[in-house]
Amino acid sequence: MGALLIGVRDHALRRPWLLLAPLLGLLGQSLLSLPSPGAPGGAALRTMMTALMTVAVTALFAELWLGDGRSVERGRLVETGILFLLPYPLLFVFGGLTAPFVYWILRADVPQAVSLGALYLVLVLGKLAAFAAGAVSAIAAARRRESAGALGALLLGARALRANPGFFLPLLAGLWLVQETCVFFARPLAPGVLDVLVTTAIALIGCVALPIEAWRSGRLKPAPAP
């Protein structure tokens, strides 16, 4: 992992325009946090806009990472955006499946520590699921030419994830731990600015750059044929 991290660092230093993606994420988050009229469906619209912003920022970062780091082909950017957008419904399904449990644990006659621990576990699992979806899409973006379409590329990414639990499980868990630790120290310094920037940058490096470079370097085992 050390050699992989060094390779990612060197690759990033040769592409300073990568900073554009987390900066755009910060700008988008700031715009979405502006007060808005409490119209019906406002929360759903905000959730949809947040998802689209996340996809756009991640796709831009992936294309800058895969390309020369200075320019982006519009057609490839759209393709990459689709690869990151398609898994998003699965995250909403995860939220829908866990919502009844959250509702029950909040109303159940259990110690507060148990209910808080259960809620925190749901949040952690949701974050790890989002990280995993990002990693699958990142590998799909790097391998898109090996498949006939977006779904085929995503299938290649999902197979790579499944075939390499010894790499992805520590990576995703460590990514969550690093992100939470950095945000804890960054938030008091510049609330709403530095913590958002750090959160976005760490997620992009961990969910996009590291999986792509792990595949490129041959660190990931190929998935067995179905």
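Residues numbered from 1 in each chain as written. Predicted model: local features only at pLDDT ≥ 70, side-chain atom pairs only at ≥ 80, totals over all residues. Heavy atoms only, no water.

Undergrad: Give a description of the side chain of arginine 144 that names residues and reports values.
TA: With respect to the secondary-structure elements, arginine 144 resides in the loop between helix H6 (112–142) and helix H7 (150–163). Note on arginine 144: relative accessible area 7%, which makes it buried. Side-chain polar atoms of arginine 144 contact the side chain of glutamate 79, separated by 3.3 Å. Not counting the four nearest positions on each side in its chain, arginine 144 is found in contact with Glu63, Leu66, Arg76, Glu79, Thr80 and Ala153. (Helix = DSSP H or I, 4+ residues; strand = E, 2+ residues; numbered from the N terminus. Buried < 20%, exposed > 50% of the residue type's maximum accessible area, 1.4 Å probe, protein only. Polar contact = N/O pair within 3.5 Å; in protein donor to acceptor, adjacent residues only side chain to side chain. Contact = heavy atoms within 4.5 Å.)

Undergrad: Break down the pattern of salt bridges for me, citing the residues and quoting the values.
TA: According to the stated counting rule, one finds nine salt bridges in the structure shown. Measuring nitrogen to oxygen at the nearest pair gives 3.0 Å for the salt bridge that ties glutamate 63 to arginine 76. You can see glutamate 63 sitting in helix H3 (residues 42–66) and its partner arginine 76 sitting in helix H4 (residues 74–85), a full 13 residues away along the chain. For glutamate 63, a relative accessible area of 3% puts it in the buried group. Taking relative accessible area as the criterion, arginine 76 reaches 23% and is therefore assigned partly exposed. Two residues, glutamate 146 and arginine 143, come together in a salt bridge whose shortest N-O distance is 2.9 Å. (Salt bridge = Lys/Arg side-chain N within 4 Å of Asp/Glu carboxyl O.)

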